[in-house]
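One-letter residues, chain by chain:
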Amino acid sequence: QVQLVESGGGLVQSGGSLRLSCAASGGIFRINVMAWYRQALGKQRELVAAITSGGSTNYADSVKGRFTISRDNAKNTVYLQMNSLKPEDTAVYYCDADLYHYLDYVSRHYWGQGTQVTVSS
């Protein structure tokens, strides 16, 4: 059974930094894209950043220059380094992985349980 486990959320002051981690496990054959999404209270879930298995990245305009996504393919883990945090970055952050389970012929999306990031002003 595939599991994505996130860690690293918390409370930080405006201008501070946090690093999120998400480790995928459970019968994984290959992971294509790994991504971070976030959902603020009362808002829709939005893409924050994504990274392919080859290392190509994509960022939301609101986080460009402040957040950096990276991954360790050997550990099936994706990271999100968040610098210069702002109160508007407050949200639940979710990890997403588009991956092949070794019993599947097609890739599927799997989600983590979410981790709260709160930025105080």
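Refer to the structure printed above.
What you see is a predicted model, and the numbers here were worked out from it, not measured in a lab.

Caption draft 1: Fine view of the side chain of Thr 115. Turning to its location among the elements, Thr 115 is positioned in strand S11 (residues 115–120). Polar side-chain contacts of Thr 115 include one of 3.3 Å to the backbone nitrogen of Gly 9. The contact partners of Thr 115, leaving out residues within four places of it in the chain, are Glu 6, Gly 9, Leu 20, Ala 91, Val 92 and Tyr 93.

Caption draft 2: Here's a closer look at the pairing of strand S9 (residues 91–101). With nine of 11 residues buried, S9 is to be regarded as a mostly interior element. As paired strands, strand S4 (residues 28–39) and S9 are joined by nine bridges and run antiparallel to one another. Along S9, the bridge assignment pairs Ile 31 with Leu 99. From the end of S9 to the start of strand S10 (residues 108–111), which pair antiparallel, there are six residues.

Parameters at a glance
- Numbering of residues starts from 1 in every chain and runs along the sequence as written.
- Local features in this predicted model are restricted to residues whose pLDDT is 70 or higher, and side-chain atom pairs enter the listing and the counts only when it is 80 or higher, whereas totals over whole chains, interfaces and linings include all residues.
- For side-chain calculations, the full set of non-hydrogen atoms in the structure is used, while hydrogens and water are omitted.
- Every helix listed is a DSSP run of H or I at least four residues long, and every strand listed is a run of E at least two residues long, numbered separately from the N terminus.
- Polar contact is defined as a pair of N or O atoms within 3.5 Å, subject to the rule that within protein one atom must be able to donate a hydrogen and the other to accept it, and that residues adjacent in sequence are counted only when both atoms are side-chain atoms.
- The contact rule is simple, with two residues in contact once any of their heavy atoms fall within 4.5 Å.
- Burial classes: relative accessible area under 20% of the type maximum marks a residue as buried, over 50% as exposed, and values in between as partly exposed (1.4 Å probe, protein chains only).
- In this description, strands pair whenever DSSP reports at least two bridges between them.

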